[in-house]
Amino acid sequence: MASKIYSFNKGVLVQEEGGVVNEYPLQLVVNGRELATLIASPHDLRFLVAGFLRLQGFVSQVEDFLALAICQDFGAASVTIRGELPERLKPVLTSGCGTGISFNMPKPVEKKGPSRVHSTASIFTLMNQLAQKAEGYKSHGGMHSAGVGDTELILHAEDIGRHNTIDRLAGEALLKGISLEGKILVTSGRVSTELVAKASLLGIDVIASRTSPTDMAIKMAEEAGITLVGYVRAMSFKLYTHVEGIDFRAGDGKVHGVTGVILAGGASSRMGSNKALLPHKGGRFIESIYRELCEIFPEVILVTNAPEQYQFLPCRKVPDLYEGMGALAGIHAGLSQSSNPAVFTVACDMPHLNPALIRHIASHRYGCDLVLPMSPQGYEPLHALYNKGCLPAMESSLKNGKRRVVSILPRVNVREISPSEVAGFDPRFDSFSNINTPQEYYDLRNADKEKAAAGEPFSDAAQQKLQA
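Residues numbered from 1 in each chain as written. Predicted model: local features only at pLDDT ≥ 70, side-chain atom pairs only at ≥ 80, totals over all residues. Heavy atoms only, no water.

### Side note on the overall build of the protein
Argument step 1. The secondary structure content of the protein amounts to 13 helices and 24 strands.
Argument step 2. For the protein, the proportion of its 468 residues judged to be buried stands at 48%.
Argument step 3. Excluding contacts between residues fewer than 6 apart, the proportion of contacts in the protein whose partners are at least 24 apart in sequence is 59%.
Argument step 4. For the protein, the exposed area adds up to about 22200 Å²; of that, 52% sits on carbon and sulfur atoms. (Helix = DSSP H or I, 4+ residues; strand = E, 2+ residues; numbered from the N terminus. Buried < 20%, exposed > 50% of the residue type's maximum accessible area, 1.4 Å probe, protein only. Contact = heavy atoms within 4.5 Å. Areas by Shrake-Rupley, 256 points an atom, 1.4 Å probe, with all protein chains shown as cover.)

Here it is, written out as structure tokens:
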């Protein structure tokens, strides 16, 4: 099964395609009697059934099989053997990783997503603490371990059976009156459906494993609102479900994996001079924008065909790769030359950037190519996030002489941020306002003075655009 997987490595999260281990439940009916449900890999099931019956002592030679049929579509095996099954079969709860018997398969509790957001540091810390506490494995090997906590382990268990470790944690929490709601479960073993179901019943938010999950475990975790993490190493892991349950910001609070891009390629013909260099907030217009982006992103790039005019900015400056093709060419240049898998773009004449809105837009960058906010006037592509998956569509448009950013929309996966969603951060849509004429610039300066005096959250220029 191929699925979308996210790989987190040294502070950067990127999407990749990958396969996962298949988990397949097979109902076994022998002589018309339901005997067991085997949880297994879906290949060569007749060998599995024959071997299971042989090792249970029900058959000893091939002639003991009168019929053996596997229905792959319905997950059923129908077998007829010589002789009769014992009238009463005594179940044995085994320590095996896939062949244990359960009286009732637990069913997960469905929910939309994790109850809170956990940091990457918490996952690494808990997994390291689990490794330090794995005394049984250290002394003689052959043991599974699991633990649960938030920023520190609060419970830990070891057992020869990986599912037993979860039962031990559940029992200890029950007897000690400890709630596991919203906690992180870390385990040394593979993550299967039974483990996910048990974690869901405990209210676990995140399951993190040293190894892999099965395909059915991924599907169940998605439905149960659990963030599922595998292959946890020193500074990396793979993420399979509910990416929103993890905070990928580093300790400095910046949105890692995204580059801030300032577009300074306009001609400023209506202004009569380079508006990026006009006085604003004690410096130049572009300096205030640069400072804002530096607080949010670890890298900032300026896209300009006149780098000599911006030597005062201590950032990388890149030119358009398709000259004379407008904003689309500028976004393409910044995206193609970014050291990160995504960029957040702003124009050099946007005076009222809203950091909370920018962070909200950036938080939706997973699973799509473009995060595009909207105002009452429509799309706002100069204040949007672009993943590198947009590059082929951009290059196709530019080569065909299409300058408008919206020309790429039919060929990319877009996550729209609706006007109502934007309004939750910026009720007057100031973030999208820009300055094109001397009158708008003077209005901005006057409005800023009035806003400072009266505590207004928006500028007159932005309000005029809203009402236009």
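### Observations concerning the sheet that holds strand E5 (residues 65–71)
Argument step 1. In space, the four strands of this open sheet follow the order E4-E3-E6-E5, with mixed pairing throughout. Looking at the sheet topology across the chains shown, the edges are occupied by strand E4 (33–40) and E5. Adjacent strand axes in the sheet meet at a mean angle of 20 degrees, parallel and antiparallel pairs treated alike.
Argument step 2. Relative to strand E6 (residues 76–81), E5 runs antiparallel, the two sharing six bridges. Within the sheet, the bridge partner assigned to Ala 67 lies in E6 and is Thr 80. (Pairing = 2+ DSSP bridges. Axes fitted to C-alpha atoms, helices over the stretch in contact; angles between N-to-C directions.)

### Side note on the pattern of salt bridges
Argument step 1. Applying the stated criterion across every chain yields a total of eight salt bridges.
Argument step 2. One continuous salt-bridge network, built from bridges that share partners, spans Asp 167, Glu 194 and Lys 198. (Salt bridge = Lys/Arg side-chain N within 4 Å of Asp/Glu carboxyl O.)

### Re the nonpolar core
Argument step 1. Ranked by size, the top nonpolar core spans 36 residues in total, and within it Ile 262 and Ile 286 carry the most contacts.
Argument step 2. Among the secondary structure elements, those contributing two or more residues to this core are strand E15 (258–263), helix H7 (285–296), strand E18 (299–303), strand E20 (342–347) and helix H9 (355–362).
Argument step 3. The leading source of residues in this core is H7, at six residues.
Argument step 4. Ignoring anything within four residues of it in the chain, the contact list for Ile 262 reads Ile 286, Ile 289, Tyr 290, Leu 293, Val 300, Ile 301, Leu 302, Val 303, Val 346 and Cys 348. (Core = buried A, V, L, I, M, F, W, Y, C linked by side-chain atoms within 4.5 Å.)

### Observations concerning the environment of Leu 153
Argument step 1. Among the structural elements, Leu 153 can be located in strand E9 (residues 153–159).
Argument step 2. Since its relative accessible area comes to 13%, Leu 153 is described here as buried.
Argument step 3. For the pair Leu 153 and Asn 128, spaced 25 residues apart in sequence, the C-alpha separation works out to 9.9 Å.
Argument step 4. If sequence neighbours within four positions are ignored, Leu 153 has contacts with Leu 126, Gln 129, Leu 130, Lys 133, Gly 147, Val 148 and Val 186.

### Re the packing of aromatic side chains
Argument step 1. For the coordinates displayed, the defined rule picks out seven aromatic pairs.
Argument step 2. Measuring from ring centre to ring centre gives 4.9 Å for Phe 8 and Phe 237, while their planes differ by 20 degrees; the resulting arrangement is stacked. With Phe 8 in strand E1 (residues 2–9) and Phe 237 in strand E13 (residues 236–241), this residue pair connects regions lying 229 residues apart in the sequence.
Argument step 3. Here Phe 8 falls in the buried class, since its relative accessible area comes to 4%.
Argument step 4. Grouping aromatic residues by their ring pairs yields a cluster made of Phe 8, Phe 124 and Phe 237. (Phe/Tyr/Trp six-rings, centres within 6.5 Å; stacked < 30°, edge-to-face > 60°.)

### Examining the confidence of the model for the protein
Argument step 1. A residue-level look at the protein finds 82% of positions with pLDDT of 70 or above and a mean pLDDT of 82.
Argument step 2. Every residue in residues 268–272 is under pLDDT 50, and counting partners more than four places away or in other chains gives 12 contacts.
Argument step 3. When the criterion is pLDDT under 50, residues 456–468 qualifies, and its contacts beyond four places in sequence or with other chains add up to 27 contacts. (pLDDT = per-residue confidence, 0-100.)

### As for the pairing of E4
Argument step 1. Direction of pairing for strand E3 (residues 24–30) relative to E4: antiparallel, over a ladder of seven bridges. Counted as the bridge partner of Val 30 is Arg 33 from E4.
Argument step 2. Linking E3 to E4, which pair antiparallel, is a turn of two residues; within it Asn 31 sits at a positive phi near 50 degrees.

### Some details on the side chain of Ser 209
Argument step 1. Structurally, Ser 209 can be placed in strand E11 (residues 206–209).
Argument step 2. Note on Ser 209: relative accessible area 0%, which makes it buried.

### Some words on unusual backbone geometry
Argument step 1. The phi dihedral of Asn 31 is positive, around 50 degrees, even though this residue is not glycine.
Argument step 2. Note that Asn 31 resides in the loop between E3 and E4.
Argument step 3. Taking relative accessible area as the criterion, Asn 31 reaches 27% and is therefore assigned partly exposed.
Argument step 4. At Tyr 231, a residue that is not glycine, the phi angle is positive and equals roughly 50 degrees.
Argument step 5. Inspection of the secondary structure puts Tyr 231 in the loop between strand E12 (227–230) and E13.

### Overview of the environment of Gln 311
Argument step 1. Looking at the element boundaries, Gln 311 is found in the loop between E18 and strand E19 (316–318).
Argument step 2. Taking the relative accessible area as the measure of exposure, Gln 311 reaches 56% and is therefore exposed.
Argument step 3. Within the local environment of Gln 311, its side chain forms a polar contact with the backbone oxygen of Pro 307, the two atoms lying 2.9 Å apart. (Polar contact = N/O pair within 3.5 Å; in protein donor to acceptor, adjacent residues only side chain to side chain.)

### Section: the pairing of E9
Argument step 1. Of all seven residues in E9, five are buried, a share of seventy percent or more.
Argument step 2. With six bridges connecting them, strand E8 (residues 144–149) and E9 associate as antiparallel partners. Bridge pairing in E9 places Gly 147 opposite His 156.
Argument step 3. Turn length for the E8-E9 hairpin, with the two strands adjacent in sequence and antiparallel, is three residues.

### Describing the packing of helix H8 (residues 326–336) against helix H10 (residues 391–399)
Argument step 1. Contact geometry of H8 with H10 gives a least axis separation of 10 Å together with a crossing angle of 140 degrees. Crossing handedness for the pair H8 and H10: left-handed. Residues Leu 328, Ala 329, Ile 331, His 332, Leu 335 and Ser 336 of H8 lie in contact with H10, whose contacting residues are Leu 391, Met 394, Glu 395, Ser 397 and Leu 398.
Argument step 2. Tallied by class, the residues present in the contact of H8 with H10 amount to seven nonpolar, three polar and one charged. (Left-handed = near helix turned anticlockwise from the far one by under 90°. Nonpolar A, V, L, I, M, F, W, Y, C, P; charged D, E, K, R; others polar.)

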